[in-house]
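# Observations on the three-dimensional arrangement
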Amino acid sequence: MTNALQAPAKGDVFLRISAHLAERTDIASALKAVADEIAEVIPFTHADLCLVDGLGWMSSYEVGIQTRWSRARTRVDASPIRDLITGKCDFMLCQDAMQDPRQTFAGACSEPIINHALRSRVHVMMKVMGQPIGTLNISHSTPGLYTMETVQRAQHVADVLSPYFHALHAAEQAQRAAQVGEAAQAREEGLRRGALELTQTLEQERQRIGMDLHDQTLADLTRLLREVTGDAPLPPAELAHHISETIGDLRRIIDTAVPTLLDLFGFAHAVRVHLERAVGPSTIGIDVTDETDGATDRLEPTLRTALFRIAQEAINNAARHSGARRISVRIEPRENNGLVVTIRDDGRGLPADPQRNSGLAHMRTRARLISAELDILNDYGCTVRVLLEGRE
């Protein structure tokens, strides 16, 4: 083990790193090009760069093992290295990340650590002109492999990599900025079409409720009128039973149109009741956790209802189609009084090409209409995350 971490015999490792990087024009290929040189300095099972990609977000680029980290952006508050990113420490050294509460806390995006047994981990800051741009993260399956000397070597590597990857990242951002006009126009058109589709769906729902009232409630009331005014009225107890059934049917129709539970008992309770109804008598485990002290119920009614409808759709998809053994809903706070609502299941995930995606489209439309971000992560089951920015 000691020999594995001896300093490389050749003194030109960093020169070779610089030479490789000078030939690359994108981050992913640049990292792969220098992977062997990094391994000469620090042996690893997995290595990645996390670069700041907007307020509260990180983008990952990895070599060694491909994990979910590079398949989607990660929220800083869900990252195993959040303490480093938020400035609580200058580096992180883990002897066994699978047992380290800094990396496997509740809500952390730490599945790759568990699934690939990334035990020894070292994390250092990447900076340009004194400003943090991200982190260099190196992991090994052998516990207790890295030391403070490893931290120093990792920092030397990060110092060499930082200016190159900062330039590559800036180039990628500039390219995206050049397309922002076209993208904004496309989003506006998509929002218009989505709003139209949602309006059509609401109209169909209105018509369905009208038919239910006509075919069921009106028919029941007409039958009750005949029974009350007929030659042989029903006994009071039987009549009361029929009236109770009609009231129950009418209440179910109303519940589909207006989220009365939401208004009467609050967001978390309404979500739990809907989740219980969705799973029915099955053995699916459920969990609803509100870590915001009821902040959802202090939102404007339009925002709260939209969040509830998105949660309903996500829960319905998970209960009906995923084959999940457990469905959980977590409501968490964000900075500046924002909120995160996460619906997670451990089922089979979404199909690669779903035949019916109107539910997903409706969720995205509702999120856009309230200026919320919607992430759908199809990995280790399905996770739907709604991120609502704080309102002044």
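Look a little higher up for the structure.
None of these values were measured; they are calculated from a predicted model. (Residues numbered from 1 in each chain as written. Predicted model: local features only at pLDDT ≥ 70, side-chain atom pairs only at ≥ 80, totals over all residues. Heavy atoms only, no water.)

## As for the overall build of the protein chain
- Assigned secondary structure in the protein chain consists of 12 helices and 11 strands.
- For the protein chain, buried positions account for 43% of its 392 residues.
- Within the protein chain, residue pairs in contact and separated by at least 24 positions form 61% of the contacts whose partners lie at least 6 positions apart.
- On the protein chain, roughly 21,000 Å² of surface is accessible, and the fraction owed to carbon and sulfur atoms is 53%. (Helix = DSSP H or I, 4+ residues; strand = E, 2+ residues; numbered from the N terminus. Buried < 20%, exposed > 50% of the residue type's maximum accessible area, 1.4 Å probe, protein only. Contact = heavy atoms within 4.5 Å. Areas by Shrake-Rupley, 256 points an atom, 1.4 Å probe, with all protein chains shown as cover.)

## Considerations on the environment of tryptophan 69
- Looking at where tryptophan 69 falls in the secondary structure, it is placed in the loop between strand E2 (57–63) and strand E3 (74–75).
- For tryptophan 69, a relative accessible area of 5% gives the class buried.
- Sequence separation of tryptophan 69 and cysteine 50 is 19 residues, and the distance between their C-alpha atoms is 9.1 Å.
- Leaving out residues up to four positions away in the same chain, tryptophan 69 has contacts with His46, Ser60, Glu62, Thr74, Pro80, Cys109, Pro112, Ile113, Leu118 and Arg121.
- A polar side-chain atom of tryptophan 69 sits 2.9 Å from the main-chain carbonyl oxygen of cysteine 109. (Polar contact = N/O pair within 3.5 Å; in protein donor to acceptor, adjacent residues only side chain to side chain.)

## With respect to the nonpolar core
- Formed by 37 residues in total, the largest nonpolar core has its most connected members in Val271, Ile327, Val329 and Ile343.
- Those elements that provide at least two residues to this core are helix H10 (267–279), helix H11 (301–321), strand E8 (326–333), strand E9 (339–345), helix H12 (358–369) and strand E11 (382–388).
- Considering every element that reaches this core, the biggest residue donor is H11, with 10 residues.
- Ignoring anything within four residues of it in the chain, the contact list for isoleucine 343 reads Ala311, Ala314, Ile315, Ile327, Ser328, Val329, Cys382, Thr383 and Val384.
- With 35 residues, the next largest nonpolar core counts Ala30, Val128, Ile133 and Leu136 among its residues. (Core = buried A, V, L, I, M, F, W, Y, C linked by side-chain atoms within 4.5 Å.)

## Describing the pattern of salt bridges
- Counting across every chain of the model gives 10 salt bridges.
- Across the pair glutamate 37 and arginine 16 runs a salt bridge whose closest N-O atoms are separated by 3.0 Å. Taken together, the residues span a long stretch of sequence, with glutamate 37 in helix H3 (residues 35–41) and arginine 16 in helix H1 (residues 13–22) at a distance of 21 residues.
- A relative accessible area of 7% places glutamate 37 in the buried class.
- When salt bridges with common partners are traced through the structure, they connect Arg16, Glu37 and Glu40 into a single cluster. (Salt bridge = Lys/Arg side-chain N within 4 Å of Asp/Glu carboxyl O.)

## Section: the packing of aromatic side chains
- In total, this model carries one aromatic pair according to the counting rule given.
- A ring pair is formed by phenylalanine 267 and phenylalanine 308, whose centres lie 6.2 Å apart and whose planes are at 75 degrees; its orientation type is edge-to-face. One end of the pair, phenylalanine 267, is in helix H10; the other, phenylalanine 308, is in helix H11, with 41 residues separating them in the sequence.
- The ring of tryptophan 57 carries the charged tip of arginine 73 above its face, separated from the ring centre by 4.2 Å.
- Against the face of phenylalanine 105 rests arginine 82, its NZ or CZ located 3.6 Å from the ring centre. (Phe/Tyr/Trp six-rings, centres within 6.5 Å; stacked < 30°, edge-to-face > 60°. Lys NZ or Arg CZ within 6 Å of the ring centre and 35° of its normal.)

## Concerning the pairing of strand E5 (residues 120–128)
- Counting buried residues in E5 gives eight out of nine residues, a clear majority hidden from the surface.
- Strand direction decides the pairing type here: strand E4 (residues 91–94) and E5, joined by four bridges, are antiparallel. The residue bridging leucine 93 from the neighbouring strand is valine 122, located in E5.
- Taking the residues between adjacent antiparallel strands as the criterion, E5 and strand E6 (residues 131–140) are bridged by two residues, where methionine 129 takes a positive phi near 55 degrees. (Pairing = 2+ DSSP bridges.)

## Comments concerning the environment of threonine 142
- Tracing the sequence through the fold places threonine 142 in the loop between E6 and helix H6 (148–178).
- The exposure class of threonine 142 is partly exposed, given its relative accessible area of 27%.
- Distance from threonine 142 to alanine 117, taken between C-alpha atoms, is 8.5 Å for residues 25 residues apart in sequence.

## Side note on the sheet that holds E11
- Taken together, the five strands give an open sheet; going across it, the order is E7-E8-E9-E11-E10, and neighbouring strands pair in mixed fashion. The open sheet has two edge strands, strand E7 (285–290) and strand E10 (373–377), and neither has a second partner. With strand direction ignored, the average angle separating the axes of adjacent strands in the sheet is 10 degrees.
- Of the strand pairs in this sheet, E9 and E11 are connected by seven bridges, and their pairing is antiparallel. If you follow leucine 339 over to E11, its bridge partner there is leucine 388.
- In the packing of H10 onto the sheet, contacts are made with E7 and E8, and the angle to E7 comes to roughly 170 degrees. (Axes fitted to C-alpha atoms, helices over the stretch in contact; angles between N-to-C directions.)

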